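What follows is the residue order along each chain.
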Amino acid sequence: MNKAIWGASVLMLGALGIASCNEAEFLDAFESGSGITATMLTGAGDDHANWITHGRTYSEQRFSPLDAISTENVGELGLAWSADMDTARGQEATPLVIDGKLYLTTAWSKVKAFDAATGEALWDYDPEVPGETAVRACCDVVNRGLATWGTSLFLGTLDGRLVSLDRDTGAVQWEVQTTDPDQSYTVTGAPRVIDGKIIIGNGGAEFGVRGYVAAYDVDNGEELWRFYTVPDGNEGGEAPEYLQAAAETWNTEVLAGSDAIGGGGTVWDSMAYDADLDLLYIGVGNGSPWNRAYRSPGEDGTGEGDNLYLSSIVAVRPSTGEYVWHYQTTPGETWDYTATQHIMLADMEIDGEQRQVLMQAPKNGFFYVIDRATGEFISAEPYVAVNWATGIGEDGRPIENPETRIDKTGKPAIVTPGALGGHNWHPMAYHPDENLVFIPAFEAAMVYAPEENWKPDRARGFNVGFNLGAGDLPPDLGIRREVAGTLRGMLVAWDPVAQEPRWTVEHPGPWNGGLLATGGGLVFQGTAGSEFNAYDASNGEKLWSFGAQTGVVAPPITYTVDGEQYVAVLAGWGGAYAITVDGGLLNDKAPVRNVSRLLVFKLGGTGELPPEKELAALPLDPPPSRASPEDIALGGEKYARYCAVCHAPAAVGSTVLPDLRRSGTLGNASSWAAVVHDGILKDNGMVGFGESMSREEIEAIRAYVIQRANEDKAMEPAE
Ligand code: CA
């Protein structure tokens, strides 16, 4: 089929307001083996049985009209089947369901196919991502899903490949490298397919890359266009016009030359598409380094400029990669306030006028409603506690609190939201009957402290330009409990017209799962508290709960096979919060465990999970701390820059990655050096840091971790 004709017919159908697809067309396509087409993707909302694109439809509403499971009978929901995964790391994927088969990705970019009704395993694909790639991933070795076209599936791998798989067999059809393997790019997001083009972004802003999104031909992986989100400082008048305009908002000196910083602006998760307007919306990430004073220095040594298109929503023509409009949520971004969070499209009446809107709850804590045809700002209000700005002015620009902008020197500040945001990648959902957007929100403030003579190190470690160790908590259980008490997690049902919550469910802590809303009047969400819950969409009443044995962060989906409705969610604790904050914040808190497992439910399901394994209690048993205070301080500084992002600030231990206070190498300088300097465990993801640190510095980190372990041992409750 000629793609241009498909595209034209989609536009025409859209213009006439005719539903472009229906369930019969889906059945015909599956019967004839023709696979997924442009009209099926555009009309995905009219088919209720399948889930063929990341957010269910191009509008990314994650609302399914299915209503067999409802507020009336959700109490009868039970486990239909489950499948254990072979990666005990964060599971963030949205499965796809196509013609009775369920396809999902797991940590380490693996793909698995199941019979969606019975759970029979059909095939597996492992792209064999090298273990050492893990050190380039800011936020765990996660993957958030697949795209489909024809009879193919498309996967982005952690090491930056785009892989085309045969949907029936899992066989590789082609693969291409979408990133420069010499730079610290990673791919964790789900690609999208628009009219025969696979759109895929990447991550790595913490490691010094320059962000872009690119389009590839579904048939052979040929790159068709590439859209950079920040200027490169070298191109000048050769650059496309939109990048020349962006260059005026930067001090671009630092972006040019061989030791240039990448600038960031990675497009690592959200996209949406409006077929009528033929606009692709991309969510752009934070600056690299975080601290604008280093990234775009002004004459006075502090930062300058809005630094477009950081923290922006950008509308791009998907056929050509041409810039159309942008809206920047956080001008001059410096707090890791990405606008990569879920972009959702809906139509609603605002001030008596029917509007085509785009909605986002980016990390910066404000919920935005934007006109998606023009990019015009409509409204924004805070959906969590915010102190970096007192509001968003009518011109769409934040009214900043100057106390929270930290440069190279000066006082630190506690800023909320912190770098994890008021909402992270976890998908929201929309209920059209209620006109509510459900936000998996949380509150976790962060200390931003200056780092005076920061230098980039693009080979290894976090390149943020702040002193990340400055916010480490002292070894005092009372203080830690107090800080832990300020962490909040909640499910917020947000009215986008009134710009206020209609109801809120409080969770025990941050980092709860993504969301699904259904025609049965339900909202489904997994929690950090190892539950999978169903709530009444109209008032937030908890109607059903399932003990998941693990923290759940991924969003659920729903589908039918032979007319029977199922709800599926990939359980498995992990991701940025799990590896950096959660672990040992409190010595006396039971850690959230990772049990990576797909859970599938139906009415009357009688399945049971295997019994939970007992977690062995491991008391801390470090060697005595004998190093000099100077060595321990040096080790602490290096730890904050190179280790904390995976092994948790202050070495308090993450729940997903090894707790260094309990490391078997802690008592032995040469085995410590073999791991941390020489990289003998690189295939597990622990590379050597010999290029970035001297042997003395690496030994100082050992001294620091020994000291920290002894401090925490002293805090352990007596037997
Ligand atoms: Ca970031």
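Here's what I pulled together on the structure shown here. (Residues numbered from 1 in each chain as written. Predicted model: local features only at pLDDT ≥ 70, side-chain atom pairs only at ≥ 80, totals over all residues. Heavy atoms only, no water.)

### With respect to the coordination of the calcium ion
Six octahedral donors at a metal ideally form angles of 90 or 180 degrees, and four tetrahedral donors ideally form angles of 109.5 degrees.
Next, step 1: Of the protein atoms, only Glu206 (OE), Glu206 (OE), Asn286 (OD1) and Asp336 (OD) coordinate the calcium ion, at distances of 2.4 to 2.9 Å.
Next, step 2: Counting gaps between the donor residues of the calcium ion yields the pattern E-x79-N-x49-D. Here Glu206 is found in the loop between strand 12 (197–200) and strand 13 (212–217), whereas its partner Asn286 is found in the loop between strand 17 (279–283) and strand 18 (287–288), with 80 residues between them in sequence. Accessibility assignment for this pair places Glu206 and Asn286 in one class, buried. (Donors = N, O, S within 2.8 Å, 3.2 Å for Na, K, Ca; no water. Helix = DSSP H or I, 4+ residues; strand = E, 2+ residues; numbered from the N terminus. Buried < 20%, exposed > 50% of the residue type's maximum accessible area, 1.4 Å probe, protein only.)

### Concerning the pairing of strand 22 (residues 353–360)
Next, step 1: Here strand 21 (residues 344–350) runs beside strand 22; their pairing, made up of seven bridges, is antiparallel. Looking across to strand 22, one finds that Glu349 is bridged to Gln354.
Next, step 2: Here strand 21 folds back onto strand 22, and the loop between the two strands holds two residues, one of which, Asp351, carries a positive phi near 50°.
Next, step 3: Here four bridges tie strand 22 to strand 23 (residues 366–371), and the two strands are oriented antiparallel to one another. Looking at strand 23, one finds that Val357 is bridged to Asp371.
Next, step 4: Linking strand 22 to strand 23, which pair antiparallel, is a turn of five residues; within it Gly365 sits at a positive phi near 95°. (Pairing = 2+ DSSP bridges.)

### Observations regarding the state of the cysteines
Next, step 1: One pass over the full model with this rule turns up one disulfide.
Next, step 2: Paired through a disulfide, Cys138 and Cys139 show a sulfur-sulfur distance of 2.2 Å. Taking the sign of the S-S torsion, -100° for the link of Cys138 and Cys139, the bridge is left-handed.
Next, step 3: Residue classification places Cys138 among the partly exposed residues on the basis of a relative accessible area of 21%.
Next, step 4: Cys139 gets classed as partly exposed once you look at its relative accessible area, which sits at 27%.
Next, step 5: Distance from the sulfur of Cys646, which forms no disulfide, to the nearest cysteine sulfur (Cys139) is 9.1 Å. (Disulfide = S-S within 2.5 Å.)

### Let's talk about empty space enclosed by the protein
Next, step 1: The final tally for this structure, using the stated rule, is three cavities of 30 Å³ or more.
Next, step 2: In this model, the largest cavity occupies a volume close to 100 Å³.
Next, step 3: Along the walls of the largest cavity sit 15 residues, with His54, Arg62, Arg192, Asp269 and Pro427 positioned nearest its centre.
Next, step 4: Taken together, the residues that form the lining of the largest cavity break down as five nonpolar, four polar and six charged.
Next, step 5: There is about 50 Å³ of room inside the second largest cavity.
Next, step 6: Taken together, Val187, Thr188, Gly189, Ala190, Ile200, Gly201, Asn202, Val267, Trp268, Asp269 and Met271 form the lining of the second largest cavity.
Next, step 7: Among the residues making up the lining of the second largest cavity, the classes are represented as six nonpolar, four polar and one charged. (1 Å grid on protein atoms, 1.4 Å probe; cavity = no way out; pocket = protein on both sides within 12 Å on 5 of 7 lines; lining within 4 Å. Points joined across faces, edges and corners; volume = space filled by probe spheres on them. Nonpolar A, V, L, I, M, F, W, Y, C, P; charged D, E, K, R; others polar.)

Keep in mind these values describe shape, not function.
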